[in-house]
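Close look at the chain arrangement
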Amino acid sequence: MLKKLYKHHFIIIISVCVVAYWGLWNGFFQQDEWAGLGYFYSYYNLSLVDKLKTIYAPMFAQSGGHFLFLTPLVNFIRYSLFETHFEGYAYLSISIHTILCLLVYKLSLKIGSSKAQALLSAIIFAVMATA
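Since this is a predicted model, take the numbers as computed values, not measurements.

1. Observations concerning the overall build of the protein chain
- Across its full length, the protein chain carries six helices and zero strands.
- Within the protein chain, the fraction of its 131 residues that count as buried is 26%.
- In the protein chain, once contacts between residues fewer than 6 apart in sequence are set aside, the share between residues at least 24 apart is 65%.
- A total accessible area of about 9200 Å² is found for the protein chain, and carbon and sulfur atoms account for 69% of it.

So, in structure tokens, the structure goes:
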């Protein structure tokens, strides 16, 4: 019975994420997204070496204060895959958030002893971003 309940928790968490973010793919880009896309298109035709120099130049100009090594690379890959098609960004975001909710559940199980408490923690984590 306990193993069955454990598997049902995963289904509940996934269902909560799908219901909470239902219709997100009908959204649209706002100012930061347009700025990122504009920046991406401004170096679209550069060679790979020049692209890497361009996307990492702002971090090196800051004297090491805020270095996020993977962010420009991940953004470049995302923009290359989805360009101006918002649905792709939405599906990717929902998928990653759902995976993170499942990881919060697993972490809560490791920290605490109650499966119900772990489930509640994951559900709260899942829906708090909707605000």
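Now that the structure has been shown, we can carry on.
2. Comments concerning helix H5 (residues 86-111)
- The end-to-end C-alpha separation of H5 is 37 Å, in line with the 38 Å expected for 26 residues at 1.5 Å each.
- Phe86, Gly88, Tyr89, Ala90, Ile94, His97, Thr98, Cys101, Leu102, Val104, Tyr105 and Ser108 are the residues of H5 that are buried.

3. With respect to the packing of aromatic side chains
- Taken as a whole and judged by the stated rule, the model has 13 aromatic pairs.
- Ring centres 5.6 Å apart and planes at 45° place the aromatic pair Phe40 and Tyr79 in the tilted group. Here Phe40, found in helix H2 (residues 31-42), pairs with Tyr79, found in helix H4 (residues 70-82); they are 39 residues apart in sequence, far enough to count as distant.
- For Phe40, a relative accessible area of 0% gives the class buried.
- The buried category is assigned to Tyr79, whose relative accessible area is 11%.
- For the pair Tyr43 and Phe76, a centre-to-centre distance of 6.2 Å together with 25° between the ring planes defines the contact as stacked.

4. Thoughts on unusual backbone geometry
- We note that Glu83 has phi near 45°; this positive angle belongs to a residue other than glycine.
- Note on placement: Glu83 falls in the loop between H4 and H5.
- Classification of Glu83 by relative accessible area gives partly exposed; the value is 27%.

5. Looking at the packing of H4 against H5
- Two elements in contact, H4 and H5, have axes whose closest approach is 8 Å; the angle formed by their N-to-C orientations is 130°. As judged from the angle between their axes, H4 and H5 are oblique. Here the hand of the crossing between H4 and H5 comes out right-handed. Contacts between H4 and H5 pair Arg78, Tyr79 and Phe82 from the former with Gly88, Tyr89 and Leu92 from the latter.
- Grouping the constituent residues of the contact of H4 with H5 by class yields four nonpolar, one polar and one charged.

Parameters at a glance
Residues numbered from 1 in each chain as written. Predicted model: local features only at pLDDT ≥ 70, side-chain atom pairs only at ≥ 80, totals over all residues. Heavy atoms only, no water. Helix = DSSP H or I, 4+ residues; strand = E, 2+ residues; numbered from the N terminus. Buried < 20%, exposed > 50% of the residue type's maximum accessible area, 1.4 Å probe, protein only. Contact = heavy atoms within 4.5 Å. Areas by Shrake-Rupley, 256 points an atom, 1.4 Å probe, with all protein chains shown as cover. Expected span 1.5 Å × (residues − 1). Phe/Tyr/Trp six-rings, centres within 6.5 Å; stacked < 30°, edge-to-face > 60°. Axes fitted to C-alpha atoms, helices over the stretch in contact; angles between N-to-C directions. Parallel < 35°, antiparallel > 145°, perpendicular 65-115°, else oblique. Left-handed = near helix turned anticlockwise from the far one by under 90°. Nonpolar A, V, L, I, M, F, W, Y, C, P; charged D, E, K, R; others polar.

So, to be careful, I would describe these as geometric facts and stop short of saying anything about function.
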